[in-house]
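# Chain and residue survey
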Amino acid sequence: MSVLDDDIEATVVSTEEIQSKITELAARIDADYADREPLLVGVLKGAVMFMSDLARELSRPSTMEFMACSSYGSNTTSSGVVRILKDLDRDVTGLDILIVEDIIDSGLTLSWLLKNLQARNPASVEVVALLRKPDAIKVQVPVKYVGFDIPNEFVVGYGLDYAERYRDLPYIGRLRPSVYGG
Ligand code: 5GP
Ligand code: MG
Ligand code: MG
């Protein structure tokens, strides 16, 4: 129990649901990458919890890289124009990239990231996202592995923030409107 729990109106995905979904996703990834070692590319900061739990659940070896991107536009809607704040530390030519994302909302960030990484001549690029919102359907982004489809509402926890807080909650929840100053 955390003092942050008081700010949460409802649980959207529980800790238990997250953990069992990760076990399921890891089994699929293990099977698909039976003869390859995926390079997990985590998108900072939201994917940190998911990436660390997923990597430990895979029974085969993987390696890790992180990227940080910022999308121009307001805080709540992304514009699709993306700037790299932190790039990969290595050349990914010939590697099997698995992008690890927290949530796909409009899909604009991911769509840009996919093109950017594909241009670096990896052997393959796939995506695993813990959460996906219905709007994601509007932009064609091929996402091979999806944890949960959730309603179109703002969620926090398990890596996802509101004003940099709530990332440390072990579950995904909906914030009380009073927290936004409403
Ligand atoms: P997209 O380009 O798909 O619209 O933006 C995706 C990014 O927006 C996510 O990686 C995440 O950082 C942020 N985002 C989208 N929906 C939510 C949400 O419900 N809660 C939080 N905390 N961040 C979100
Ligand atoms: Mg993200
Ligand atoms: Mg954020």
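From a predicted model like this one, the values you see are computed outputs, not experimental measurements.

### Quick word on the overall build of the protein
The secondary structure content of the protein amounts to three helices and nine strands. Counting helices and strands in the order they occur from the N terminus, the protein gives β-α-β-α-β-β-β-α-β-β-β-β. Seen along its three principal axes, the alpha-carbon backbone of the protein occupies a region of about 50 × 35 × 30 Å. Counting across all 182 residues of the protein, residues that qualify as buried make up 31%. Intrachain contacts of the protein at a sequence separation of at least 6 include 67% that bridge at least 24 residues.

### A word on the nonpolar core
Grouped together as the largest cluster of nonpolar side chains are 43 residues, with contacts concentrated most on Phe-50, Leu-98, Ile-99 and Val-100. Setting aside residues up to four positions removed in sequence, Leu-98 forms contacts with Pro-38, Leu-39, Leu-40, Val-41, Glu-126 and Val-128.

### With respect to the sheet that holds strand S4 (residues 82–86)
Taken in spatial order, the six strands make up an open sheet running S4-S3-S2-S5-S6-S7, and their pairing is mixed. Both edges of this open sheet fall to S4 and strand S7 (145–149), since each of them pairs with a single strand only. Adjacent strand axes in the sheet meet at a mean angle of 30°, parallel and antiparallel pairs treated alike. Pairing of strand S3 (residues 63–71) with S4 involves four bridges; the strand directions are antiparallel. What sits directly across from Ala-68, in S4, is Lys-86. Sitting on the sheet, helix H2 (residues 48–57) is in contact with strand S2 (39–44), S3, strand S5 (96–104) and strand S6 (124–132), with an inclination near 160° to S2.

### Concerning the sheet that holds strand S8 (residues 155–156)
Across the sheet, which stays open at both edges, the three strands sit in the order S1-S9-S8 with antiparallel pairing between neighbours. In this open sheet, the two strands that pair with only one neighbour each are strand S1 (8–13) and S8. Sheet topology places S1 next to strand S9 (residues 172–175); four bridges connect them, and they run antiparallel. Residue pairing in the sheet places Ala-10 in a bridge with Arg-174 of S9.

### Some remarks on the confidence of the model for the protein
Chain-level statistics for the protein give a pLDDT mean of 93 and a share of 94% at 70 or above. What the predictor reports for the complex is a pTM of 0.94 with an ipTM of 0.94.

### Considerations on helix H1 (residues 15–32)
Taking 1.5 Å per residue, 18 residues should reach 26 Å; H1 reaches 26 Å between its end C-alpha atoms and fits that length. For H1, every residue scored as buried is listed here: Ile-18, Ile-22, Leu-25, Ala-26 and Ile-29. Buried positions in H1, seen along its axis, are confined to an arc of 110° and lie on one side of it. Every exposed residue of H1 that faces more than 90 degrees away from the buried side is listed here: Glu-16, Ser-20, Thr-23, Arg-28 and Ala-31. Tucked into the core, H1 has its buried residues touching S1, H2, S6 and S7.

### Some details on the environment of Asp-30
Residue placement: Asp-30 occurs in helix H1. Leave out the neighbours within four places in its chain, and Asp-30 touches Leu-58, Ser-59 and Arg-60.

### Section: the environment of Pro-151
Along the chain, Pro-151 turns up in the loop between S7 and S8. Overall, Pro-151 belongs to the exposed group, with 9 C-beta atoms counted inside 10 Å. Counting along the chain gives 114 residues from Pro-151 to Glu-37, while the straight-line C-alpha distance between them is 34 Å.

### Some remarks on the environment of Tyr-180
Inspection of the secondary structure puts Tyr-180 in the segment after S9. Expressed as a C-alpha distance, the spacing of Tyr-180 and Ala-163, which sit 17 residues apart in the sequence, is 9.7 Å.

Conventions adopted
Residues numbered from 1 in each chain as written. Chains lettered and ligands numbered in written order. Predicted model: local features only at pLDDT ≥ 70, side-chain atom pairs only at ≥ 80, totals over all residues. Helix = DSSP H or I, 4+ residues; strand = E, 2+ residues; numbered from the N terminus. Buried ≥ 20, exposed ≤ 12 C-beta atoms within 10 Å, placed from the backbone. Contact = placed C-beta atoms within 7 Å. Core = buried A, V, L, I, M, F, W, Y, C linked by C-beta atoms within 7 Å. Pairing = 2+ DSSP bridges. Axes fitted to C-alpha atoms, helices over the stretch in contact; angles between N-to-C directions. pLDDT = per-residue confidence, 0-100. Expected span 1.5 Å × (residues − 1). Arc of directions from axis to C-beta.

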